[in-house]
Amino acid sequence: MCGIVAAVAERNIVPLLIDGLRRLEYRGYDSAGIAFIDEANQLQRIRSAGKVQALADRIDSERPGHLGLAHTRWATHGGPTEHNAHPHTASERLALVHNGIIENEQAIRKQLIEHGATFTSETDTEAIVHLIDHLLAQGQSMLDCLVEVQQQLQGSYAIAVLDQQHPDTIWGLRKGSPLVVGVGVGEHFLASDAAALVPLTQQMMYLQEGDIVAIRRDQAALYDQQGKPIERTIQRSNLDPESSERGHYRHFMLKEIHEQPAVISATLDGCLNGTRILPSLPAELLSQVRAIHILACGTSYHAGLTAKYWIESLAGIPVSVEVASEFRNRRPAVPEHTLMLAISQSGETADTLAALELASELNYLATIGLCNVPESALTRACDHALMTRAGLEVGVASTKAFTTQLTVLLLFTAALAQAQDKPKSRIAEVLDALGQVAQQTREVLALEDQIEALAYRLADKQHALFLGRGAEYPIALEGALKLKEVSYIHAEGYAAGELKHGPLALVDESLPVVVTASSNELLKKLESNLREVQARGGQLIVFADRAVTLDSNDDMHVMHLPLNHSIASPIVQVVPLQLLAYHVGVIRGTDVDQPRNLAKSVTVE
Ligand code: M6R
């Protein structure tokens, strides 16, 4: 959940590291720090609570460095203060940054204190740097230390460490948290995320579990967890360097909402090969599937819930969808021929990865990962990977990742239906509906001004209710999640049919109720729910497709979307809810891209 960037170069690396931190800030943003060896071979460390800008303001541009590392933090152990910010140091020669959690930190800290170490922070990270210091003092090389560190530390971590006595090398280690090497010409970089490095180089080497790396100006030497030399292939990153720039948009969230037509089309293109749907999935595997378990967290979980409606109705296969944090801590029953589908934008979410680990002990037919990040832990851990092509998503509130996940999940439904010999006409219907989604999304985005005007109705509220029926029930959940994340208004998503079973008690003239309405077989039932809200004075905002014959009145505002109902409607229906949440957040003056207490990738349990 934190960001690491490190560099060894002939040019001054200090501005490169600060720029890298800005690109990684979405991963954690409560404090930041940098350490580098200056031209007098002195170890310099500057840290600051708050955002990267606060750190940048403290940097002396007159003091260059050619080797250094930097970090942006999301606090786990100890508050977001300057003394807890990374890098942490030992013996005035080592500086270390860390992403992840050390589970046995207390025991190691106690032992090291007994050996004379002095700790100055509450972080688990400081135990790592003192442990390396202790091992170096016993005469071990840095490589031997990092081999030993892996044996002693429990938990998940990626680290970068420098030693002022060897000012030509930065060492890195990956165990459970990602780390990538950027290969430049006469310079090398390390980062927790390729996004930090793409303006510097597109040539990347993704470290695998247990890998140790030593980067120097002219080479990157890799070792396995026993310290034996290994090689990893260099891959060209497809990340657009501008994807971590806001361009002319006020926020990344808005930029990413507007990118949806393009990334939905790109995702569709990537998943179709002539008449073959999802060619990377063997048809013989799909034909054997008798049940599906979907595991995910947050927005990705909502994508899974939507897929359940699609898969059961079209492919006739029973689907259960569960949040990974629950699944990982129980003993699930797995019927024969069950497929596990893990969904994660980042491919780094600790709970989803733990669910996959548990799956390897259970009797699954196969595991499939649906992910937005190539070479992520999720794609490597699954038997098969399905990729969205959303590009880098920087806004903490997920938007384009969700609609591209839905796009792939609807294609997955069609591929399953095809493999299970369901009528060809239904599959053609799905493909036709999907073909229209990008354009419909574009048309909904054109209504942004009207949606912004509606946002003022919610901006001064304490609570909001989101309702939907059928495959739009998960869209109501997602609309509520978006609103609470970026505006801090308490919002609940409910299946409209559940209204009478409790939430109706909340409805009065102060409660906005946001509804998506489609001209499907559930519309009459939904209209009854709307009347129940109106009878209690609730203030309705309804996003309806063009065939829904509802009109606005004193207590109901109906916005008709340029959308014909189809199986793909949920993908488009979520877009006005994203815009609504965004504009409510902006009106309330929240930090919509980096909401309080949150981070983009939740790499800890
Ligand atoms: O990277 P993942 O899809 O695994 O992330 C799962 C959730 O942490 C994520 O969707 C979170 O709920 C977002 N902030 C939602 O906007």
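Note that the coordinates shown come from a computational prediction; the quantities given were computed from them, not determined experimentally.

Draft legend 1. Representation of the domain arrangement of the protein in the model. Assigned domains of the protein: these are domain 1 (3-243), domain 2 (247-439) and domain 3 (447-591). Placing the centre of domain 2 and that of domain 3 at their C-alpha centroids yields a distance of 25 Å. Facing 29 residues of domain 2, the contacting portion of domain 3 comprises 24 residues. Both sides of the domain 2 and domain 3 interface together cover about 2200 Å² of buried area, and 74% of this is carbon and sulfur. When the buried surface of domain 2 facing domain 3 is broken down by residue, Met 253, His 302 and Tyr 309 rank first, second and third, together holding 22% of it. Taken together, the connections running from domain 2 to domain 3 amount to zero salt bridges. At the surface where domain 2 touches domain 3, the tally comes to nine residue pairs in polar contact (both at pLDDT 80 or more). For the side of domain 2 that touches domain 3, the secondary-structure elements that each account for two or more residues are helix H6 (252-258), helix H7 (260-271), helix H9 (298-314), helix H13 (400-419) and helix H14 (424-445). Tallying contributions element by element places H9 first for the side of domain 2 that touches domain 3, with eight residues. Counted by class, the side of domain 2 that touches domain 3 contains 17 nonpolar, 11 polar and one charged residues.

Draft legend 2. Representation of the packing of aromatic side chains. Going through the model one piece at a time under the given rule, you end up with one aromatic pair. Directly above the aromatic system of Tyr 488 lies the positively charged group of Arg 596, at a separation of 3.8 Å from the ring centroid.

Draft legend 3. Examining the pairing of strand E8 (residues 170-175) more closely. Among the six residues in E8, five count as buried, and that is most of the element. Judged from the five bridges that link them, strand E7 (residues 155-163) and E8 form a sheet pairing that is antiparallel. Each residue of the ladder has a partner; that of Val 161, found in E8, is Trp 171. Two successive antiparallel strands, E7 and E8, enclose a turn made up of six residues. Note that E8 and strand E12 (residues 212-215) share four bridges and pair antiparallel. Each bridged residue has a counterpart across the sheet, and for Gly 172 the counterpart in E12 is Val 213.

Draft legend 4. Structural context of the pattern of salt bridges. One pass over the full model with this rule turns up 23 salt bridges. When the shortest N-O distance is used, the salt bridge between Lys 482 and Glu 485 registers 3.5 Å. Of this pair, Lys 482 and Glu 485 both sit in helix H16 (residues 473-487), three residues apart, roughly one helical turn. In this structure Lys 482 comes out as buried when scored by relative accessible area, which is 1%. Across the pair Lys 500 and Glu 532 runs a salt bridge, and its minimum N-O distance is 2.9 Å. A residue pair is termed long-range when its members are at least 10 positions apart, and Lys 500 in the loop between strand E24 (490-495) and strand E25 (512-517) and Glu 532 in helix H17 (residues 523-535) qualify at 32 residues. Owing to a relative accessible area of 14%, Glu 532 belongs among the buried residues under this scheme.

Draft legend 5. Quick peek at the site of the ligand. Not every one of the 14 residues close to the ligand is listed here, only the nearest: Ser 300, Ser 344, Ser 346, Thr 349 and Glu 485. Between the ligand and Ser 300 there is a distance of 2.6 Å, counted from an oxygen atom to a side-chain nitrogen or oxygen. Between a nitrogen atom of the ligand and a main-chain N or O atom of Val 396, the distance comes to 3.1 Å. With the chains in place, 91% of the 410 Å² that the ligand exposes on its own is no longer accessible. Within the residue set of the shell around the ligand, elements represented by two or more residues are H9 and H16. Residues belonging to the shell around the ligand are distributed by class as follows: four nonpolar, eight polar and two charged.

Draft legend 6. Geometry of the layout of surface pockets. Of the voids in this model, the largest pocket is the one considered here, and its volume is about 1000 Å³. Residue lining of the largest pocket: 49 residues in total, with Leu 239, Asn 372, Val 373, Pro 374 and Gly 391 positioned closest to the centre. Listing elements by their share of the lining of the largest pocket, those giving two or more residues are strand E15 (235-236), H7 and strand E22 (384-387). The residue makeup of the lining of the largest pocket, split by class, is 19 nonpolar, 15 polar and 15 charged. Composition of the lining of the largest pocket by domain shows at least three residues from each of domain 1 (3-243) and domain 2 (247-439). Counted as a void, the second largest pocket has a volume near 660 Å³. Along the wall of the second largest pocket there are 26 residues; nearest its centre are Gly 176, Ala 350, Leu 353, Ala 354 and Glu 357. Put simply, the parts of the chain that give the lining of the second largest pocket at least two residues each are E7, helix H11 (350-359), strand E21 (366-371) and helix H12 (377-381). Per-element accounting of the lining of the second largest pocket gives the leading share, six residues, to H11. A class-by-class count of the residues in the lining of the second largest pocket yields 12 nonpolar, six polar and eight charged. Two domains each put at least three residues into the lining of the second largest pocket: domain 1 (3-243) and domain 2 (247-439).

Procedures and definitions
Residues numbered from 1 in each chain as written. Predicted model: local features only at pLDDT ≥ 70, side-chain atom pairs only at ≥ 80, totals over all residues. Heavy atoms only, no water. Domains from an automatic or database assignment. Contact = heavy atoms within 4.5 Å. Buried area = accessible area lost by both parts, 1.4 Å probe. Salt bridge = Lys/Arg side-chain N within 4 Å of Asp/Glu carboxyl O. Polar contact = N/O pair within 3.5 Å; in protein donor to acceptor, adjacent residues only side chain to side chain. Helix = DSSP H or I, 4+ residues; strand = E, 2+ residues; numbered from the N terminus. Nonpolar A, V, L, I, M, F, W, Y, C, P; charged D, E, K, R; others polar. Phe/Tyr/Trp six-rings, centres within 6.5 Å; stacked < 30°, edge-to-face > 60°. Lys NZ or Arg CZ within 6 Å of the ring centre and 35° of its normal. Buried < 20%, exposed > 50% of the residue type's maximum accessible area, 1.4 Å probe, protein only. Pairing = 2+ DSSP bridges. Near = heavy atom within 4 Å. Areas by Shrake-Rupley, 256 points an atom, 1.4 Å probe, with all protein chains shown as cover. 1 Å grid on protein atoms, 1.4 Å probe; cavity = no way out; pocket = protein on both sides within 12 Å on 5 of 7 lines; lining within 4 Å. Points joined across faces, edges and corners; volume = space filled by probe spheres on them.

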